[in-house]
Amino acid sequence: MATVVVATSLFFAVRDGVAVAGGDEVATQYKFQEMPIALPPGYESQPMNTVRVVNPAYHKIRSWISSVGAGIAINDLTGHGLADGMCIVDTRTDQIVVTYTPTARQADRFTPFVLDAAPLPMDKTMAPTGCTPGDFNGDGRTDLLATYWGRTPVVFLANSDAGTLSPSSYTPREVVPSQSLDGRYHGPRWNTDAAYVGDLDGSGHPSIVIGNYFPDSDVLDPNGLNNVEMNESLSSAKNAGGDHVLRWAQASAGPEPDVTFVEERDAIPFDASTGWTLAIAGADLTGQGRPDLYIANDFGHAHLLHNQSTPGRIKFIEATGRRDATTPKSFVLGKGSFKGMGVDFADINNNGSFDMMVSNITAAWGLEESNFLWVNQAKDNADMKRQLEDGVAPFTQEAREHGVAWTGWGWDTKMADFRNDGDLAILQADGFVKGNIDRWPWLQEMAMTNDDLLSNPAMWPNVQPGDDLAGDDALAFYARTPSGTFANISKQLGLAVPTPTRAIATGDTTGSGLLDFAVARQWGPPAFYANQAPKPGNFLNLRLYRPSGESTAGQGITNTGTPAYGATVKITTPDGTRVSQLDGGSGHGGYRSFDVHFGLAAYDGPVTVELCWRDTSGAMHEKTEQLRPGTHSLLLTSDAQEVPNR
């Protein structure tokens with residue numbers, strides 16, 4: 001009995017740390033208004049699903065199998081200069097919706113529509129799981145990369161003759177070509193839950209990393225082969241679909257654009273490429289102009305991959321943390337047993353280096369792990385490079401110290417400055433399966449199951465419609481309090497809707513310098529939150545482009561140029577130095593806009609801006625500018641030239 005009392009006391013002593021003083025005070029400095037999202041005509045009158053049709057071997061756990069897939073992105077889809085377009089993956093219909101933000105100006109509004117991959121082969125055993133905006137053929141127009149369960153990705157390339165956004169504005173192309181002589185799909189049955197886009201090899205072109213969950217198999221086929229399985233372990237599973245690196249090879253523009261990718265099968269060390277991947281993020285940790293990657297895997301180790309690529313060849317090596325006598329095993333980067341669900345890179349402590357926020361399962365009295373806040377301990381870029389090349393990841397796990405260790409069943413996470421005070425807030429999607437019967441006891445019993453039994457779906461407890469696992473968990477909004485720690489102020493802001501969320505997108509949709517955000521919900525409608533911070537600070541917002549090589553800038557859905565993938569920006573003000581980047585696509589199903597945004601608080605003087613980028617030929621460039629607060633559009637060639645905002 002004494003042991004139980006002591007254990008209970010310790011539990012509450014730890015959990016008390018979640019209630020951070022100052023939360024109510026800081027919440028008064030934020031305000032968001034939920035606004036309705038425009039959907040295609042008649043969209044909401046069609047039948048709405050609440051669970052997937054699955055392989056017979058998965059039928060008893062079909063709600064578990066149906067727990068992912070919602071996605072959302074904010075970006076400039078029209079090419080008019082504002083990130084006021086949206087791409088939404090709605091699990092209720094298994095469709096990808098292209099629309100505009102509720103705050104979009106009239107010139108950027110169009111009739112919302114559903115992406116149609118025809119004439120590419122599609123069938124009912126496929127379901128979309130992500131939509132990543134990007135310029136994949138380098139023509140300055142925003143394309144859309146769609147990922148799926150049941151097939152390889154499709155990239156929807158914007159046509160040069162498209163005058164507005166509509167289903168006919170895009171040409172769908174296979175990212176992984178496969179031959180079909182009978183109109184049916186015969187390619188690999190990938191089951192993708194994460195995608196990252198960036199200039200991996202320093203060639204000046206965007207490549208793609210695909211993170212698959214289930215092994216290639218008939219997950220969503222009710223008549224499929226009995227070729228499906230579950231994870232072989234709850235802490236070190238390596239029997240998944242794993243990760244694929246697709247290097248950009250060539251592309252063309254025009255009314256029928258095209259792009260070709262080549263798979264680099266040995267880009268990631270094999271032992272780091274077979275996990276149950278749920279999220280991928282990237283950032284240039286060493287200043288070499290190539291993104292390093294963090295791969296978040298469910299049921300097993302995460303992987304920090306140091307980029308050693310050269311143009312035309314993509315290659316990563318793994319780096320792991322080091323353990324001392326006081327470090328729990330799972331708090332060693334790359335050696336943990338937690339359930340990695342989301343990841344984002346940002347400068348959380350405003351010291352000019354990238355840190356990482358990672359979502360895990362942190363349910364009280366459930367699977368109580370900890371979120372990860374990996375804080376960068378390298379002295380500078382050169383020190384980080386030396387340590388990564390030696391296989392060492394110089395990060396310490398400080399989630400508890402910062403007040404962000406325990407949320408619930410975490411998913412996508414994004415760090416951003418929503419009131420321009422110079423401090424980042426942390427958004428975190430949350431929740432798993434919503435029902436009315438608590439099934440935590442069954443899940444806890446499964447957690448003690450022998451690993452040799454886990455890969456067999458028949459050995460899993462029932463998780464069917466009506467069952468509930470963390471179904472009332474709500475979106476988290478962590479804001480920094482006067483004490484320096486974070487407090488979850490989601491309830492105070494009216495964001496704590498008890499519906500499982502999956503993906504988060506952010507962007508300055510109005511050009512006001514305030515970041516709005518949108519959320520994808522699993523088996524619920526998406527939500528958009530307009531930022532109405534009562535007393536925001538000043539800001540610096542950069543739109544970084546490279547020339548597209550076309551003379552049609554400003555026409556149709558063409559942008560000023562192509563996004564400067566991987567460009568990093570360091571700013572220095574009297575308050576210190578901070579770093580950010582043009583993020584081509586990081587996270588679990590949620591994608592921020594391409595804008596690089598800094599809050600400046602009350603400072604309104606010149607900002608020292610250090611730019612590092614690669615031009616379209618892959619050559620590295622650096623330049624230091626003095627810029628005033630506000631929004632600046634910069635065209636990056638061998639020099640950085642300011643161009644008019646649009």
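Residues numbered from 1 in each chain as written. Predicted model: local features only at pLDDT ≥ 70, side-chain atom pairs only at ≥ 80, totals over all residues. Heavy atoms only, no water.

## Observations regarding the side chain of T78
As for its placement among the helices and strands, T78 is situated in the loop between strand 2 (71-75) and strand 3 (85-90). Assessed through its relative accessible area of 7%, T78 is described here as buried. A distance of 3.4 Å separates the side chain of T78 from the side chain of D108, its partner in a polar contact. (Helix = DSSP H or I, 4+ residues; strand = E, 2+ residues; numbered from the N terminus. Buried < 20%, exposed > 50% of the residue type's maximum accessible area, 1.4 Å probe, protein only. Polar contact = N/O pair within 3.5 Å; in protein donor to acceptor, adjacent residues only side chain to side chain.)

## Observations concerning the sheet that holds strand 6 (residues 127-134)
By way of backbone hydrogen bonds, the strands of a sheet pair with one another, either parallel or antiparallel. Taken in spatial order, the 4 strands make up an open sheet running 6-7-8-9, and their pairing is antiparallel. Looking at strand neighbours, the two that pair on one side only are strand 6 and strand 9 (170-174), the edges of this open sheet. On average, each strand axis in the sheet is tilted by 25 degrees relative to the strand beside it, whichever way the strands run. Judged from the 3 bridges that link them, strand 7 (residues 143-149) and strand 8 (residues 154-158) form a sheet pairing that is antiparallel. Opposite L145, over in strand 8, you have V155 as the bridge partner. (Pairing = 2+ DSSP bridges. Axes fitted to C-alpha atoms, helices over the stretch in contact; angles between N-to-C directions.)

## Here we look at the state of the cysteines
Scanning the entire structure with this criterion turns up 1 disulfide. Two residues share a disulfide in this structure: C87 and C131, whose sulfurs sit 1.9 Å from each other. Here the disulfide of C87 and C131 is right-handed, its torsion about the S-S bond being about 90 degrees. With C87 in strand 3 and C131 in strand 6, this residue pair connects regions lying 44 residues apart in the sequence. (Disulfide = S-S within 2.5 Å.)

## Some thoughts on the pattern of salt bridges
Summed over the entire model, instances satisfying the criterion amount to 22 salt bridges. Note that R105 and D108 form a salt bridge whose closest N and O atoms lie 2.9 Å from each other. Classification of R105 as partly exposed rests on a relative accessible area of 32%. Residue D108 is classed as buried on the basis of its relative accessible area of 1%. Between R173 and D258 there is a salt bridge whose closest N-O contact spans 3.6 Å. (Salt bridge = Lys/Arg side-chain N within 4 Å of Asp/Glu carboxyl O.)

## Examining a positive patch on the surface
Together, K238, R322, R323, K329 and K335 make up a positively charged patch on the protein surface. According to the relative accessible area criterion, R323 is exposed, its value standing at 54%. (Patch = residues over 30% accessible without salt bridge, like charges linked within 9 Å, V, L, I, M, F, W, Y side chains within 5 Å. Areas by Shrake-Rupley, 256 points an atom, 1.4 Å probe, with all protein chains shown as cover. Lys, Arg positive; Asp, Glu negative; His and termini not counted. Charge placed at Lys NZ, Arg CZ, Asp CG, Glu CD.)

## Description of the UniProt feature "domain: ASPIC/UnbV" (unreviewed entry) in the chain
This chain's UniProt record puts "domain: ASPIC/UnbV" (unreviewed entry) on residues 564-616. Measuring from the first to the last C-alpha atom of residues 564-616 gives 9 Å, for a span that is 0% helix and 53% strand. (UniProt positions renumbered as here; feature names shortened; annotations may be inferred.)

## Some points on the sheet that holds strand 33 (residues 568-573)
Taken in spatial order, the 4 strands of this open sheet run 34-33-37-38, and their pairing is antiparallel. Looking along the sheet, the strands with just one partner apiece sit at the ends: strand 34 (576-581) and strand 38 (620-627). Between one strand axis and the next, the sheet turns by 15 degrees as a mean value, whatever way the strands run. Strand direction decides the pairing type here: strand 37 (residues 607-614) and strand 38, joined by 8 bridges, are antiparallel. Bridge pairing links V607 to L627 in strand 38.

## Looking at helix 4 (residues 381-389)
Turning to helix 4, its buried residues number three or more, namely D383, M384, Q387 and L388. What you see down the axis of helix 4 is that its buried residues fit within an arc of 125 degrees, all on one side. Buried positions along helix 4 lie against strand 15 (292-298), strand 16 (303-307), strand 17 (316-319), strand 20 (372-376) and strand 21 (395-397). Capping the start of helix 4, D380 holds a side-chain oxygen 3.2 Å from the backbone nitrogen of A382, two or three residues further along. After helix 4 finishes, the residue G391 shows a positive phi value of roughly 80 degrees. (Arc of directions from axis to C-beta. Contact = heavy atoms within 4.5 Å.)

## What to know about unusual backbone geometry
Omega for the bond connecting A118 with P119 falls within 30 degrees of zero, at 15 degrees, which places this linkage in the cis form. One non-glycine residue, A470, lies in the positive phi region at around 55 degrees. When you line up the elements, A470 lands in the loop between strand 25 (467-468) and strand 26 (476-480). On the basis of relative accessibility, which here comes to 7%, the residue A470 falls in the buried class. Positive phi is not limited to glycine here, since W523 has a value of about 65 degrees. Locating W523 in the fold gives a position in the loop between strand 29 (516-521) and strand 30 (527-531).

## Concerning the environment of L246
Among the structural elements, L246 can be located in strand 12 (residues 242-252). Take L246: its relative accessible area is 2%, and that puts it in the buried class. Each C-alpha atom of the pair L246 and L200 lies 9.6 Å from the other, and the pair is 46 residues apart in sequence.

## A few points about the side chain of D243
Along the chain, D243 falls in strand 12. No salt bridge is formed by the buried D243. Its closest oppositely charged neighbour is K238, at 11 Å. Of note is the side chain of D243, whose polar atom sits 2.7 Å from the side chain of T277. Setting aside its immediate chain neighbours within four residues, D243 contacts I210, G211, N212, I268, A272, S273, T277, I280 and I295.

## What about the packing of aromatic side chains?
This model, assessed by the stated rule, comprises 28 aromatic pairs. Measuring from centroid to centroid gives 5.0 Å for W64 and W460, while their planes differ by 80 degrees, and the two rings are edge-to-face. With W64 in helix 3 (residues 62-65) and W460 in the loop between helix 7 (451-454) and strand 25, this residue pair connects regions lying 396 residues apart in the sequence. For the pair W64 and W460, one class covers both residues: buried. A network of ring pairs unites the aromatic residues Y58, W64, W149, Y213, F214, W276, F299, W409, W411, F432, W440 and W460 as a single cluster. One residue, R151, lies across the ring of Y148, its end atom 5.9 Å from the ring centre. The cationic tip of R439 hangs over the ring face of W442; the distance from NZ or CZ to the ring centre is 3.8 Å. (Phe/Tyr/Trp six-rings, centres within 6.5 Å; stacked < 30°, edge-to-face > 60°. Lys NZ or Arg CZ within 6 Å of the ring centre and 35° of its normal.)

## Some remarks on the confidence of the model for the chain
When pLDDT is averaged along the chain, the result is 94; 96% of the residues meet or exceed 70. The low-confidence segment residues 1-17 (pLDDT under 50) makes 9 contacts with residues lying over four places distant or belonging to another chain. (pLDDT = per-residue confidence, 0-100.)

## Examining the pairing of strand 4 (residues 95-100)
The buried count for strand 4 comes to 5 of 6 residues, which makes it a mostly enclosed element. The pairing of strand 3 with strand 4 spans 6 bridges and is classified as antiparallel. Note that in strand 4 the partner of V89 across the bridge is I96. In textbook terms, the turn of a hairpin is the stretch between consecutive antiparallel strands, and for strand 3 and strand 4 this stretch comprises 4 residues, one of which, D94, has a positive phi near 55 degrees. Direction of pairing for strand 4 relative to strand 5 (residues 113-114): antiparallel, over a ladder of 2 bridges. If you follow V97 over to strand 5, its bridge partner there is V114.

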